[in-house]
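These are the residues of each chain, in order.
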Amino acid sequence: MKHAMKIFLLAAVLSVLVFSAFLGAGQQPAKSEAPRLIAIRAGHLIDGRSAASIQNAVILVEGEKIKAVGPNLAIPAGAQVIDLTKSTVLPGLIDCHTHIGYEPANYYEDLFRKSPIDIAVTVHLAAKRTLEAGFTTIRDVGEPEFIDVALRRAIDSGRVVGPRMQVATLAIGATGGHADMVGFSPYLKFGQFSGIADGIDEIRKLVRFEVKNGADLIKMIATAGVLSEEESVGAPQFSFEEMKAMVEEAAMWGKKVAAHAHGTEGIKMATRAGVASIEHGSLIDDEGIRLMKERGTYLVGDAYNHEYITAEFKRLGYPEHILKKESLVGELQRENLKRAVAAGVKTAFGTDAGVFPHGWNAKQFAFLVKCGMTPLQTIQAATVSAADLLGWSDRVGAVAPGLYADLIAVDGDPLQDVTELERVRFVMKGGVVYRKE
Ligand code: ARG
């Protein structure tokens, strides 16, 4: 009798354990619950698509998506209400140019004492800071060792807090170029995956390898860079045929190409080769502007970077040669961005965060205004236009029914003062609140 009782108890305990393990694995209990309804009352709403803000808007969020939005919408019974009547609500911001794993501390230490494992262990911190700053989506344009793919997976599965991500994996560049290690002993070798490819065959193979391992887009190093030791800043680093092959191969797999290009010639070559965006674009000339306009190529100008590099990179031990390259392009880049904006080239917001601390992304808005953009244009560059560049207009970049409930709020009116976006008070991603002050 006693024995039978024990067996009975054991069975009961086991079944509870099994059932809770089942729930713990994220399974729903048999009866399906209706998705959560949230009603957000927004004092002002900048929805991303319209030019004017909407007063006293209600945004209905069902589960992870926006269900309805409009002025004075009726709030259904049972909905949880979030009161943002004193704030301006906007779509979650999008940064189209980040390096989430980078964080310069010291030039030589970063190069020689850190391994990609150091980055992999700490990258979640940068992801969290980025999201809390109001950037609910990022397009990350180059990381070592597929750390970006792993981070994207961890975020998508809900185990790590961070923005939605599109990732480029290893930036693809030529031997001796911006993606290579230049200026060191020829015997120096790092035992890690390489983004170096020379010639059409190697380029096609590397694109395939990256797509196979999780790349959402391809990053091309079209010209020389600043924060690397090759001689010039801006000389082309691939032939036109190589650029074309990369774009063609990427397109076969349904992927767009983002081209790092500072130099006049390289910008035009990459544009003609069919890249989706020119990153940096520092030395663009009138012909380049005309070409980009014709083709609808996006310009992603990192207008804040110069500020931070000039202020901090000497202290971080960057070689004189690199600092000199920065002083050659920094101001020119802003002047040229101004010309491109005035000419009507499409722009998307991208900062190069990682060169400066993650979470400071919004500091760039004020610099874009200095480059001739209106506050609304800067906001649209970081919302609707960025979503268009990512091919994600059906998911993010606006406050509209059917899109993810990715929303932020600020106290003041960013159409008057864009620096309001540096002080984000509320962040929701996919219907989940990550910040509320
Ligand atoms: N990652 C870029 C490069 O090394 C940063 C350029 C920063 N400077 C600038 N003026 N935008 O080329």
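Up top is the structure these notes are about.
Reading the values: rules and limits
- Residues numbered from 1 in each chain as written.
- Predicted model: local features only at pLDDT ≥ 70, side-chain atom pairs only at ≥ 80, totals over all residues.
- Heavy atoms only, no water.
- Axes fitted to C-alpha atoms, helices over the stretch in contact; angles between N-to-C directions.
- Helix = DSSP H or I, 4+ residues; strand = E, 2+ residues; numbered from the N terminus.
- Parallel < 35°, antiparallel > 145°, perpendicular 65-115°, else oblique.
- Left-handed = near helix turned anticlockwise from the far one by under 90°.
- Contact = heavy atoms within 4.5 Å.
- Nonpolar A, V, L, I, M, F, W, Y, C, P; charged D, E, K, R; others polar.
- Buried < 20%, exposed > 50% of the residue type's maximum accessible area, 1.4 Å probe, protein only.
- Near = heavy atom within 4 Å.
- Polar contact = N/O pair within 3.5 Å; in protein donor to acceptor, adjacent residues only side chain to side chain.
- Areas by Shrake-Rupley, 256 points an atom, 1.4 Å probe, with all protein chains shown as cover.
- Patch = residues over 30% accessible without salt bridge, like charges linked within 9 Å, V, L, I, M, F, W, Y side chains within 5 Å.
- Salt bridge = Lys/Arg side-chain N within 4 Å of Asp/Glu carboxyl O.

Further remarks concern the packing of helix α5 (residues 199-212) against helix α6 (residues 240-252). In contact at an axis separation of 9 Å, α5 and α6 are set at 30° when each is read in the N-to-C sense. In this view, α5 runs roughly parallel relative to α6, as classed from their interaxial angle. Of the two elements, α5 crosses α6, and the hand of that crossing is right-handed. Together, G199, I200, I203, R204, V207 and R208 of α5 and E241, E242, A245, M246, E248, E249, A250 and M252 of α6 make up the contact between the two elements. Looking at the contact of α5 with α6 residue by residue, the class counts come to seven nonpolar, one polar and six charged.

Turning to the side chain of T136, a few remarks are in order. Mapped onto the elements, T136 comes out in strand β6 (residues 135-140). Looking at T136, the relative accessible area reads 1%, which means it is buried. Once you skip the residues sitting within four places of it in the chain, T136 turns out to touch G92, L93, L131, P163, R164, D406, V427, M428 and K429.

With respect to spatial proximity, 15 residues lie near the ligand, and among them L227, H262, D302, E326 and Q333 are the closest. Residue H262 places a side-chain N or O atom 2.7 Å away from an oxygen atom belonging to the ligand. D352 places a polar side-chain atom, nitrogen or oxygen, 3.0 Å from a nitrogen atom of the ligand. In the complex, the protein chains occlude 96% of the 340 Å² of accessible area that the ligand would expose alone.

In this section: the packing of α6 against helix α7 (residues 264-273). Running from N to C, α6 and α7 point in directions that differ by 40°, and their axes come no closer than 8 Å. One way to sum up the angle between α6 and α7 is to call them oblique. Crossing hand, α6 versus α7: right-handed. Across from F240, M243, K244 and V247 in α6, the residues of α7 making contact are G266, M269, A270, R272 and A273. Residues of the contact of α6 with α7, tallied by class, amount to six nonpolar, one polar and two charged.

In this section: a nonpolar patch on the surface. The grouping of Y108, F112, M181, L188 and F190 at the surface amounts to a nonpolar patch, some 440 Å² of accessible area in total. With respect to the element layout, F112 can be found in helix α2 (residues 107-112).

A few words now on the pattern of salt bridges. Summed over the entire model, instances satisfying the criterion amount to 27 salt bridges. For E132, the salt bridge is made with K128, and the minimal N-O distance between the two is 3.0 Å. Of this pair, E132 and K128 both sit in helix α3 (residues 116-132), four residues apart, roughly one helical turn. Residue classification places K128 among the partly exposed positions, given a relative accessible area of 40%. Close ionic contact of R139 with E279 constitutes a salt bridge, the shortest N to O distance being 2.6 Å. Highlighted residues: R139 in strand β6 and E279 in strand β10 (residues 277-280), separated in sequence by 140 residues. E279 matches R139 in its accessibility class, with the two residues each being buried. Here the salt bridges share partners, and the residues they tie into one network are K268, R272, D285, E287, R290 and E294.

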